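# Per-entry structural report
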Amino acid sequence: MKDRASSTEPENSADQLRRAVRRGELVPYFQPQYDFASGQPVVFEALSRWMHPDRGLVMPDRFIDVAERTGLIAELGRTILEQAGRRVAEWHRRGRRIGLAVNVSPSQLRPEFASTMVEFVRALGLPDRTVTAEITETPALSETCEEVETMQALIDGGVGVSVDDFGAGFTSIEALRRMPFTEVKIDRSLMRNSTPGADALALEAVGVARSRHAIVVAEGIETAQDLDRARAWGCDRGQGFFFSPAVPADEVERLLATV
Ligand code: C2E
Ligand code: MG
Ligand code: MG
Ligand code: MG
């Protein structure tokens, strides 16, 4: 790597991010998904946070786009999966059968990605369907063979596939019908939008998911009213500030000790 310190060129954010990933400054925080039937946290979603030595905690909206544009997203995703996967395996060893969800960018959906992720999960000794890949819905997702095949290969290898942010604007029920998945996550924009149209779209998504025996998770539950609405749609689980924001791993341990 070039020695930037001796260069007069200003550093760009891609260089900073690349170095941060390699130094281990990108860490997972964990946000619980609560199961409506049992009232328990059953899955934790790993959300990346940059622990910047000067700037403090940096949120994904400041670096995920850069990571996507520069191809760093795969390396970032790998470090988050490795750290979060080890934590979850540790919790399993202590008898807490918690699921893990990680975010995967559609650009990562190459055939070798599925085999790498499946092997990693197996090496951790976690049971099938413990780990789910949340893939943000994009218009292209259901059109590209390679992406659809990679999603199917994940499922065949025991990794769940969640269609993340369903309803965020790229939505089509027809596209959802064409995709392989084990879970749908209803975007928080539908929760914020209290209209018959939003309800109809959520209900349709739940219908498609039911016909596939897939789980439905509602995002962005901030109030008791949001929770009622998610239950009325027929969702299985909910996630949002009403329950808990994303927290560091040691806080998950405290939370699990109380339930
Ligand atoms: P996402 O996967 O849809 O995650 C949900 C986002 O909504 C998270 O933001 C979470 O903190 C936030 N959130 C949760 N509950 C509520 C709520 O009740 N109200 C509101 N207003 N927000 C809520 P966060 O952590 O800033 O992450 C933003 C996005 O960045 C994620 O959206 C995901 O698409 C992406 N991202 C985060 N980490 C990774 C990663 O490791 N890899 C990839 N590829 N993408 C990631
Ligand atoms: Mg997600
Ligand atoms: Mg989401
Ligand atoms: Mg979202």
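Residues numbered from 1 in each chain as written. Chains lettered and ligands numbered in written order. Predicted model: local features only at pLDDT ≥ 70, side-chain atom pairs only at ≥ 80, totals over all residues. Heavy atoms only, no water.

The name that an unreviewed UniProt entry assigns to the protein is EAL domain-containing protein, with the source organism given as Agromyces aureus.

On to the overall build of the protein. The helix and strand inventory of the protein stands at 10 helices and 9 strands. Here the C-alpha radius of gyration of the protein, 19 Å, is about what a compact globule of 259 residues would show, namely 18 Å. When its C-alpha atoms are laid out on the principal axes, the protein stretches across 60 × 45 × 35 Å. Across the 259 residues in the protein, those meeting the buried criterion constitute 51%. Taking as baseline every contact in the protein between residues at least 6 positions apart, the subset at least 24 positions apart corresponds to 69%. In the structure as shown, the protein presents an accessible area of about 12,400 Å², 50% of it carried by carbon and sulfur atoms. In the protein, 31 side chains carry a positive charge and 39 a negative one; their mean positions are 4 Å apart. (Helix = DSSP H or I, 4+ residues; strand = E, 2+ residues; numbered from the N terminus. Rg over C-alpha atoms; globule rule 2.2 N^0.38 Å. Buried < 20%, exposed > 50% of the residue type's maximum accessible area, 1.4 Å probe, protein only. Contact = heavy atoms within 4.5 Å. Areas by Shrake-Rupley, 256 points an atom, 1.4 Å probe, with all protein chains shown as cover. Lys, Arg positive; Asp, Glu negative; His and termini not counted. Charge placed at Lys NZ, Arg CZ, Asp CG, Glu CD.)

Every protein donor of the magnesium ion (ligand 2) is accounted for by Glu45 (OE), Asn103 (OD1), Glu134 (OE) and Asp164 (OD), and the metal-donor separations fall at 2.0 to 2.3 Å. The magnesium ion (ligand 3) is placed at 3.7 Å from the magnesium ion (ligand 2), the two being bridged by Asp164. Of the two residues, Glu45 is situated in strand S2 (residues 41-52) and Asn103 in strand S4 (residues 99-104); the sequence distance between them amounts to 58 residues. By relative accessible area, Glu45 is classed as buried at 5%. (Donors = N, O, S within 2.8 Å, 3.2 Å for Na, K, Ca; no water.)

As a further point, take the pattern of salt bridges. Going through the model one piece at a time under the given rule, you end up with 15 salt bridges. Put simply, Glu183 and Arg237 hold a salt bridge, and the shortest N to O gap is 3.5 Å. Here Glu183, found in strand S7 (residues 183-186), pairs with Arg237, found in strand S9 (residues 237-238); they are 54 residues apart in sequence, far enough to count as distant. Take Glu183 and Arg237: they sit in the same class, and that class is buried. Glu222 is paired through a salt bridge with Arg192; the nearest N and O atoms lie 3.6 Å apart. Residue Glu222 is found in the loop between strand S8 (215-218) and helix H9 (224-233), and its partner Arg192 is found in helix H7 (residues 188-192); the two are separated by 30 residues along the sequence. On the basis of relative accessibility, which here comes to 38%, the residue Glu222 falls in the partly exposed class. (Salt bridge = Lys/Arg side-chain N within 4 Å of Asp/Glu carboxyl O.)

Glancing now at the side chain of Thr130. Summarising the element assignment, Thr130 is placed in the loop between helix H4 (111-123) and strand S5 (131-136). When residues no more than four places from it in sequence are discounted, the contact partners of Thr130 are Val88, His92, Ile98, Gly99 and Leu100.

Here the focus is the nonpolar core. Grouped together as the largest cluster of nonpolar side chains are 74 residues, with contacts concentrated most on Leu17, Met117 and Phe181. Element by element, the count of residues in this core is highest for helix H3 (residues 73-93), at 8 residues. (Core = buried A, V, L, I, M, F, W, Y, C linked by side-chain atoms within 4.5 Å.)

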